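Results of the structural survey
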Amino acid sequence: SQKIEQNSEALNIQEGKTATLTCNYTNYSPAYLQWYRQDPGRGPVFLLLIRENEKEKRKERLKVTFDTTLKQSLFHITASQPADSATYLCALDNYGNNRLAFGKGNQVVVIP
Amino acid sequence: DGGITQSPKYLFRKEGQNVTLSCEQNLNHDAMYWYRQDPGQGLRLIYYSQIVNDFQKGDIAEGYSVSREKKESFPLTVTSAQKNPTAFYLCASSRRDRHNEQFFGPGTRLTVL
């Protein structure tokens, strides 16, 4: 069966450190992968998209990698700040028509 | 200001009643989506529409219905056939070509009493 796995345990991290989140998938062949941020009680907000032929993508303090052999994406927040505290969702292109399959999300708590 | 709006933010209904959730966008996007989110769960796709007057079932369409009569609007009706309707409902839109991000509304929290 198809699965998208993100760590269910919250990641508690000290301010200024790098937070690293993992997204593993099974039985998908995504052409691209996206990461979203979701704050409590609000809709997700798009952060980054990485295509299958790209190894790494950066945006300000965010970095995403995509390894189609390992079927894994890593999401890094460098120099983390308390304002980065949120849940981060990974989403895969599933049917090639902008229809996305979402992971359950991984909560990050940045401690001042 | 371009964006996507959902109303109301909170909705309470008695069991057995149908209820319609509103979703409007002024981003000129062709594609629109409805998701359901339960505590500790990922987003699950209910229905999506790639163009006006056309829509397809997602992974959990049973007990829901939609219409797409206008490009800007994609209302979702939660019918009495939906067994567990209490949830957080999210509407999103995107451009229709591939590799585009989805823009989400603020969500509607539906509670069925």
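Predicted model, so just to flag it, every value in this text is computed and none were measured. (Residues numbered from 1 in each chain as written. Chains lettered and ligands numbered in written order. Predicted model: local features only at pLDDT ≥ 70, side-chain atom pairs only at ≥ 80, totals over all residues. Heavy atoms only, no water.)

**Thoughts on the overall build of chain B**
Put simply, the rule is: Secondary structure elements follow DSSP: runs of H or I of four or more residues count as helices, runs of E of two or more count as strands, with numbering from the N terminus. Based on C-alpha atoms, the radius of gyration is set beside the globule rule, defined as 2.2 Å times the residue count to the power 0.38. Note on classification: 1.4 Å probe, protein chains only; a residue is buried when its accessible area is under 20% of the maximum for its type, exposed when over 50%, partly exposed between these limits. The contact criterion used throughout is that any non-hydrogen atoms of two residues lie within 4.5 Å.
Within chain B one finds zero helices and 11 strands. Relative to its length of 113 residues, chain B is compact, with a C-alpha radius of gyration of 13 Å against a globular reference of 13 Å. The buried share of chain B, reckoned over its 113 residues, is 47%. Relative to all contacts within chain B whose residues are 6 or more apart in sequence, the contacts with residues 24 or more apart total 53%.

**A word on the overall build of chain A**
Which entries qualify depends on this criterion: What sets the accessible areas is the Shrake-Rupley method with a 1.4 Å probe; for residues, cover comes only from the shown protein chains. Positive charges come from Lys and Arg alone, negative charges from Asp and Glu alone, with His and the N- and C-terminal ends not counted. For this purpose, a charge sits on NZ of Lys, CZ of Arg, CG of Asp or CD of Glu.
On a plain count of helices and strands, chain A comes out with zero helices and 11 strands. Helices (α) and strands (β) of chain A occur, in sequence order from the N terminus, as β-β-β-β-β-β-β-β-β-β-β. For 112 residues, the compact-globule formula gives about 13 Å, and the C-alpha radius of gyration of chain A, at 13 Å, lands near that figure. The principal-axis extent of the C-alpha atoms belonging to chain A is close to 40 × 30 × 20 Å. Expressed as a percentage of the 112 residues in chain A, the buried residues total 46%. In chain A, once contacts between residues fewer than 6 apart in sequence are set aside, the share between residues at least 24 apart is 54%. Working note: accessible area of chain A is about 5,500 Å², and carbon and sulfur atoms make up 44% of it. Averaged over its 14 positive side-chain charges, chain A has a centre that lies 2 Å from the centre of its 11 negative ones.

**A few points about the pattern of salt bridges**
Applied cut-off: Criterion for a salt bridge: a side-chain nitrogen of Lys or Arg within 4 Å of a carboxyl oxygen of Asp or Glu.
Counted under the stated rule, the structure contains eight salt bridges over all chains. For A:Glu56, the salt bridge goes to A:Arg58, with nearest N and O atoms at 2.9 Å. It is possible to trace a salt-bridge network through shared partners that takes in B:Arg36, B:Asp38 and B:Arg44.

**Describing the pairing of strand S11 (residues 106-111) of chain A**
All names here are of chain A. Put simply, the rule reads: At least two bridges found by DSSP between two strands is the condition for calling them paired.
Residues of S11 alternate between two faces, with Asn106, Val108 and Val110 buried on one and Gln107, Val109 and Ile111 left unburied on the opposite face. In terms of strand pairing, strand S2 (residues 11-14) meets S11 through four bridges, oriented parallel. Note on S11: the bridge partner recorded for Ile13 is Val110. Here strand S9 (residues 86-93) runs beside S11; their pairing, made up of three bridges, is antiparallel. What sits directly across from Ala86, in S11, is Val108.

**Quick notes on the interface of chain B and chain A**
Formally: Counted as a polar contact is a pair of N or O atoms within 3.5 Å, where, for protein atoms, one must be capable of donating a hydrogen and the other of accepting one, and residues adjacent in sequence contribute only when both atoms are in side chains. In the scheme used here, Gly and all other residues not listed as nonpolar or charged are polar, with Ala, Val, Leu, Ile, Met, Phe, Trp, Tyr, Cys and Pro taken as nonpolar and Asp, Glu, Lys and Arg as charged.
Taken together, the contacts link 29 residues of chain B with 23 residues of chain A. Counting across the interface, chain B meets chain A through one salt bridge. With its nearest N and O atoms 2.8 Å apart, the salt bridge here joins A:Arg99 to B:Asp59. Counting the contacts that link chain B with chain A gives four residue pairs in polar contact (both at pLDDT 80 or more). For the side of chain B that touches chain A, the elements supplying multiple residues, two or more each, are strand S4 (31-37), strand S5 (43-51) and strand S9 (87-94) of chain B. For the side of chain B that touches chain A, the element with the highest residue contribution is S5(B), accounting for four residues. Of the residues assigned to the side of chain B that touches chain A, the class counts are nine nonpolar, 11 polar and nine charged.

**Some remarks on the state of the cysteines**
All names here are of chain A. Our working rule: Only a pair of cysteine sulfur atoms within 2.5 Å counts as a disulfide in this structure description.
Scanning the entire structure with this criterion turns up two disulfides over all chains. Between the sulfur atoms of Cys23 and its disulfide partner Cys90 the distance amounts to 2.0 Å. Across the disulfide from Cys23 to Cys90, rotation about the S-S bond amounts to roughly 55 degrees, and the bridge is consequently right-handed. Of this pair, Cys23 sits in strand S3 (residues 19-26) while Cys90 sits in strand S9, placing them 67 residues apart in sequence.

**Section: the sheet that holds strand S1 (residues 3-6) of chain A**
All names here are of chain A. Quick reminder of the rule: Every angle, taken between N-to-C directions, lies between 0 and 180 degrees, and every axis is a line fitted to C-alpha atoms, over only the stretch in contact when it is a helix.
In space, the five strands of this open sheet follow the order S1-S3-S8-S7-S6, with antiparallel pairing throughout. The open sheet terminates on both sides in strands that have one partner only, identified here as S1 and strand S6 (56-59). Shown here is a sheet whose adjacent strand axes are inclined to one another by a mean of 15 degrees, direction ignored. Two elements, S6 and strand S7 (residues 62-67), share four bridges in a ladder whose sense is antiparallel. Each residue of the ladder has a partner; that of Lys57, found in S7, is Val64.

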